[in-house]
Number of protein chains: 2
Amino acid sequence: MELDQLAECYKAMADKTRLKILALVKHEELCVCELVEILKMTQPSISQHLRKLKQAKLVKERRSSQWIFYSIDGEMYPFIKENLNALPDMSSDIEQLKTSGMKVCCT
Amino acid sequence: MELDQLAECYKAMADKTRLKILALVKHEELCVCELVEILKMTQPSISQHLRKLKQAKLVKERRSSQWIFYSIDGEMYPFIKENLNALPDMSSDIEQLKTSGMKVCCT
DNA sequence: TCATAATATAAGAATATACTTATATCAACA
DNA sequence: TGTTGATATAAGTATATTCTTATATTATGA
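### Regarding the relation of the copies chain B and chain A
The operation linking the two copies of the chain is a rotation about an axis combined with a translation along the axis.
Now for step 1: Mapping chain B onto chain A leaves a residual RMSD of 0.0 Å; the transformation is a rotation of 180° accompanied by 0.0 Å of translation along its axis. Viewed as a symmetry operation, the transformation between the two copies matches a two-fold axis. No C-alpha of chain B approaches the rotation axis more nearly than that of B:Tyr10, which lies at 2.7 Å.
Now for step 2: Mapped onto chain A, 100% of the interface residues of chain B again fall at the interface, so both copies present the same surface.

This is the structure:
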């Protein structure tokens, strides 16, 4: 793996918000508005962070009607994937979203 | 490991020059002037990069008379160490330095 | 086709980063 | 003590990053 690409990858991970996004979509795919709801940030801000993660090939998107779901890109290098295991567990935030009725229920 | 600390760590790795430094000191400890010589960058620039790596606890320093030798900090988290294995082999640059007679020979 | 919901993009401001030049620190040694 | 070599720090500038607000895109459904 080339240094440029590698630095690009770490640059994508060098931000607390993006690490949180990775920690969240690691559990299950989430759409933008769900991330907005969980992270309490504006939609454009989340969208821009997702673009960086996508450019670094850390997440991939799947469109389903008007929603775009993001999830971990399985093509990721194994040693990068190891890093995701070290992220804190944020499943409770997703659970909370579900119980609050905000979870998008369509696929 | 907390998100702040983790982001700090990736921020330290989110730069091509610092990745090169890590790839170099992974082989053996090197002093600042050796890194300056190999990377063809100014001394203050290298020094500032080393400070960031040190703050992120990725490298440690050892003073020996007027030289300060930098090496990988063994206290590093295992999953971070995995990342170092993915760095390109730069041992030839060190060999080249040695044959050119620039290698600091004192300990 | 029009209105709406979800998302992306653009542009601007505030902040952070990386390099440069100049200077300070610190150890060795005459 | 004064000088030299190695390294660190400071200050300034150019560039990059992140957030905000405003607007564009895309799909859905009346």
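### Description of the pattern of salt bridges
Now for step 1: Tallied over the full model, the rule gives 12 salt bridges over all chains.
Now for step 2: When salt bridges that share partners are traced, they join A:Glu28, A:Glu95 and A:Lys98 into one network.

### Re the protein's contact with DNA strand C
Now for step 1: Taken together, 26 residues sit near DNA strand C, with A:Cys33, A:Ser47, A:Tyr70, B:His49 and B:Lys52 positioned nearest.
Now for step 2: Within the side chain of A:Tyr70, an N or O atom sits 2.4 Å from a phosphate oxygen of DNA strand C.
Now for step 3: With respect to DNA strand C, the side chain of B:Asp15 contributes an N or O atom lying 3.2 Å from a phosphate oxygen.
Now for step 4: Of all the elements in the fold, those that place two or more residues in the surface near DNA strand C are helix H3 (32–39), helix H4 (43–55) and strand S3 (67–72) of chain A together with helix H2 (16–25) and helix H4 (43–55) of chain B.
Now for step 5: Partitioned by chemical class, the residues of the surface near DNA strand C number 9 nonpolar, 11 polar and 6 charged.

### Things to note about the interface of chain B and chain A
Now for step 1: Taken residue by residue, the interface counts 19 residues in chain B and 19 residues in chain A.
Now for step 2: Regarding the contact of chain B and chain A, the summed buried area is about 1,800 Å², with carbon and sulfur atoms giving 74% of it.
Now for step 3: It is B:Leu3, B:Tyr10 and B:Lys16 that lose the most area in chain B upon contact with chain A, and together they represent 32% of the buried surface on that side.
Now for step 4: Notably, a salt bridge pairs B:Asp4 with A:Lys16, separated by 3.0 Å at the nearest N-O pair.
Now for step 5: Here chain B and chain A share 5 residue pairs in polar contact (both at pLDDT 80 or more) between them.
Now for step 6: The set of elements that each furnish at least two residues to the side of chain B that touches chain A consists of helix H1 (3–13), H2 and helix H5 (78–85) of chain B.
Now for step 7: A per-element tally of the side of chain B that touches chain A places H1(B) first, with 7 residues.
Now for step 8: Each residue belonging to the side of chain B that touches chain A can be placed in one class, and the counts come to 12 nonpolar, 1 polar and 6 charged.

### Remarks on the sheet that holds strand S2 (residues 59–64) of chain A
Residues and elements named next belong to chain A.
Now for step 1: Strand order in this open sheet of 3 strands is S1-S3-S2, and the pairing throughout is antiparallel. In the strand order of this sheet, the two ends are held by strand S1 (30–31) and S2, each with one partner.
Now for step 2: In this structure, S2 lies alongside S3, joined through 6 bridges in antiparallel fashion. Paired with Arg 63 across the strands is Ile 68, a residue of S3.
Now for step 3: Helix H2 (residues 16–25) contacts S1, S2 and S3 of the sheet and is inclined by roughly 90° relative to S3.

### Notes on the protein's contact with DNA strand D
Now for step 1: Around DNA strand D sit 25 residues, and of these A:His49, A:Lys52, B:Cys33, B:Ser47 and B:Tyr70 come closest.
Now for step 2: In DNA strand D, atoms within 4 Å of the protein come from the sugar-phosphate backbone in 65% of cases.
Now for step 3: At a separation of 3.2 Å, a phosphate oxygen of DNA strand D approaches a polar side-chain atom of A:Arg18.
Now for step 4: Within the backbone of B:Val32, an N or O atom sits 3.3 Å from a phosphate oxygen of DNA strand D.
Now for step 5: If you list the elements that add at least two residues to the surface near DNA strand D, you get H4 of chain A together with helix H3 (32–39), H4 and strand S3 (67–72) of chain B.
Now for step 6: Residues belonging to the surface near DNA strand D are distributed by class as follows: 9 nonpolar, 10 polar and 6 charged.

Calculation rules
Within every chain, residues take consecutive numbers counted from 1 along the sequence as written. Written order determines the labels here, with chains lettered from A and ligands numbered from 1. Local features in a predicted model are, by the rule used here, given only for residues with pLDDT of at least 70; side-chain atom pairs are given and counted only at 80 or more, and totals for whole chains, interfaces and linings are based on all residues. Remark: hydrogens and water are excluded; side-chain values derive from all non-hydrogen atoms of the structure. Only residues with pLDDT of at least 70 in both copies count here: their C-alpha atoms drive the least-squares fit that superposes the copies. In this analysis, two residues are considered to be in contact whenever any of their non-hydrogen atoms come within 4.5 Å of each other. Counted as salt bridges are all cases of a side-chain nitrogen of Lys or Arg within 4 Å of a carboxyl oxygen of Asp or Glu. Distances are taken per atom, and a residue is near a molecule or strand as soon as one of its heavy atoms is within 4 Å of it. In the analysis that follows, any N or O atom pair within 3.5 Å is treated as a polar contact, provided that within protein one partner can donate a hydrogen and the other can accept it, and provided that, for residues neighboring in sequence, both atoms belong to side chains. Helix and strand definitions follow DSSP, with helices as H or I runs of at least four residues and strands as E runs of at least two, each counted in order from the N terminus. Each residue gets one of three labels, nonpolar for Ala, Val, Leu, Ile, Met, Phe, Trp, Tyr, Cys and Pro, charged for Asp, Glu, Lys and Arg, and polar for the others, Gly among them. Here the quantity called buried area is the accessible surface, traced with a 1.4 Å probe, that two parts lose on coming together, added over both. DSSP bridges decide pairing: two strands pair if at least two such bridges lie between them. Note on geometry: axes are lines fitted to C-alpha atoms, helical ones only across the stretch in contact, with angles between N-to-C directions running from 0 to 180 degrees.

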